[in-house]
Amino acid sequence: MPSVKPLRVSGETQAESSVATITERPWNVVVWDDPVTPMTVVVVIFRKVFGYPNNKATQLMLTVHHEGRAIVWSGPLERAQGYCVKLQVAGLLSTIEKDS
Amino acid sequence: MAGRLFVRRRDGRIEVRLNDDARAIAREAFGHVLAAEIDPAHEWHASLNGPIDPSHDVDDPLATFNRQHEVTSNVELAVATLNEEFLNDAEAWAWLCTLQIALRATITAKGLLTKDRLEGADETTLEYITTLQTFLFSLADAM
């Protein structure tokens, strides 16, 4: 979930004031396809790392398989890095990227 | 048809049904992962140190330290339980992670990252890959 920081612009009257909203774009954890990793292994890893139920883990695995990559989690940078590391430790090809 | 190599027992443990030859293959794979983690010259080293954020030249040092620590912990646990008849969940997870790292490091080191290139690999490499996949498939099925 993106975090939202409202900023009130100083020097404006109440009527003229506007609330600008800066939305910090989340970071995506991406898993990339490879030609050798068994599908069941990917599902087990998604269940273990994220605690996803079997059907969600399977859906994400199929997205990786058919589209070459899948965004498996989005959120703040530190947590994205942490999940990416856990996926790499489990032997998956994973990176992070800022949401576009 | 070969029987299952890893079987979940009713008491929750996972039985390891690998024969001596299969355990020797697992031992070799674990040994390579352990060596690659500490030896920059090892052909698997690059695979174990892939980018976390490819848009930056250098990754967060804490993240890379955590990765190294967790990989080492897993492979050490896998090596320590190599001859066990039964694995608990933490040990099985360590085996799965280490075998999967070995599998991916093999194709990365040999440049077999597409199906076309994989199909052109030599017979010995393909046999090794298939063996690791068989281990992983059975272990994941039991987890």
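Residues numbered from 1 in each chain as written. Chains lettered and ligands numbered in written order. Predicted model: local features only at pLDDT ≥ 70, side-chain atom pairs only at ≥ 80, totals over all residues.

Q: Could you clarify how one ought to interpret the overall build of chain B in this entry?
A: From N to C terminus, chain B includes six helices and three strands. Listing the helices and strands of chain B from first to last along the sequence gives β-β-α-α-α-β-α-α-α. What you see for chain B is a C-alpha radius of gyration of 16 Å, in line with the 15 Å of a compact globule of 143 residues. Seen along its three principal axes, the alpha-carbon backbone of chain B occupies a region of about 50 × 40 × 25 Å. When each of the 143 residues of chain B is scored for burial, the buried share is 32%. (Helix = DSSP H or I, 4+ residues; strand = E, 2+ residues; numbered from the N terminus. Rg over C-alpha atoms; globule rule 2.2 N^0.38 Å. Buried ≥ 20, exposed ≤ 12 C-beta atoms within 10 Å, placed from the backbone.)

Q: I'm lost on the packing of helix α1 (residues 39-50) of chain A against helix α2 (residues 54-67) of chain A in this one. Help?
A: Geometry of a packed helix pair, given as the angle between the helix axes and the separation of the axes. Residue and element names in this part refer to chain A. Orientation of α1 relative to α2, taken along the N-to-C sense of each, is 130°, at an axis distance of 9 Å. It follows from the interaxial angle that α1 and α2 lie oblique. The two elements α1 and α2 cross, and the hand of that crossing is right-handed. Each of Met 39, Val 42, Val 43, Phe 46 and Arg 47 in α1 lies in contact with α2, whose residues at this interface are Asn 54, Ala 57, Thr 58, Leu 60, Met 61, Val 64 and His 65. Counted by class, the contact of α1 with α2 contains eight nonpolar, three polar and one charged residues. (Axes fitted to C-alpha atoms, helices over the stretch in contact; angles between N-to-C directions. Parallel < 35°, antiparallel > 145°, perpendicular 65-115°, else oblique. Left-handed = near helix turned anticlockwise from the far one by under 90°. Contact = placed C-beta atoms within 7 Å. Nonpolar A, V, L, I, M, F, W, Y, C, P; charged D, E, K, R; others polar.)

Q: Would you take a moment to explain the interface of chain B and chain A for this structure?
A: Much of the literature gives interface size as the accessible area that the parts lose upon coming together. Contacts between chain B and chain A engage 32 residues on the former and 20 residues on the latter. Sort the elements by how many residues they give to the side of chain B that touches chain A and helix α4 (residues 89-109) of chain B lands first, with eight residues. Each residue belonging to the side of chain B that touches chain A can be placed in one class, and the counts come to 18 nonpolar, seven polar and seven charged.

Q: Honestly, the sheet that holds strand β3 (residues 27-32) of chain A in this entry has me stumped. Any pointers?
A: Within a sheet, adjacent strands bond to each other through the backbone by hydrogen bonds, running parallel or antiparallel. Residue and element names in this part refer to chain A. Reading across the sheet, the three strands line up as β4-β3-β5 and stay open at both edges, with antiparallel pairing between neighbours. This sheet does not close on itself; its edge strands, each paired only once, are β4 (69-75) and β5 (93-98). Going from strand to strand, the sheet's axes swing by 25° on average, the running direction of each strand aside. Strands β3 and β4 of the sheet are contacted by α2, whose axis makes an angle of about 135° with β4. (Pairing = 2+ DSSP bridges.)

Q: Even after reading the chapter, I still don't get the packing of α4(B) against helix α6 (residues 123-142) of chain B, so can you show me in this structure?
A: All names here are of chain B. Put simply, α4 and α6 touch, their axes get as near as 10 Å, and they point 155° apart. If you check the angle between α4 and α6, you find them roughly antiparallel. Crossing geometry of α4 relative to α6 is assigned as left-handed. Where α4 approaches α6, its residues Ala 92, Trp 95, Leu 96, Leu 99, Gln 100, Ala 102, Leu 103, Thr 106 and Ile 107 are matched on the opposing element by Tyr 128, Ile 129, Leu 132, Gln 133, Phe 135, Leu 136, Leu 139 and Ala 140. Here the contact of α4 with α6 is composed, by residue class, of 14 nonpolar, three polar and no charged.

Q: What's the story with α2(A) in this structure? I'm lost.
A: Note on helix geometry: an α-helix contains 3.6 residues per turn, so any two residues three or four positions apart are oriented the same way. Residue and element names in this part refer to chain A. The terminal C-alpha atoms of α2 lie 20 Å apart, and with 14 residues this matches the ideal 20 Å at 1.5 Å per residue to within 8%. By the burial criterion, the buried members of α2 are Ala 57, Leu 60, Met 61 and Val 64. Buried residues in α2, looked at end-on, bunch into an arc of 100°, giving them a common side. In α2, those exposed residues whose orientation departs by more than 90 degrees from the buried face are Asn 55, His 66 and Glu 67. In the segment just after α2, Gly 68 is the residue with positive phi, at about 90°. (Expected span 1.5 Å × (residues − 1). Arc of directions from axis to C-beta.)

Don't take any of this as a statement about function, it's just geometry.
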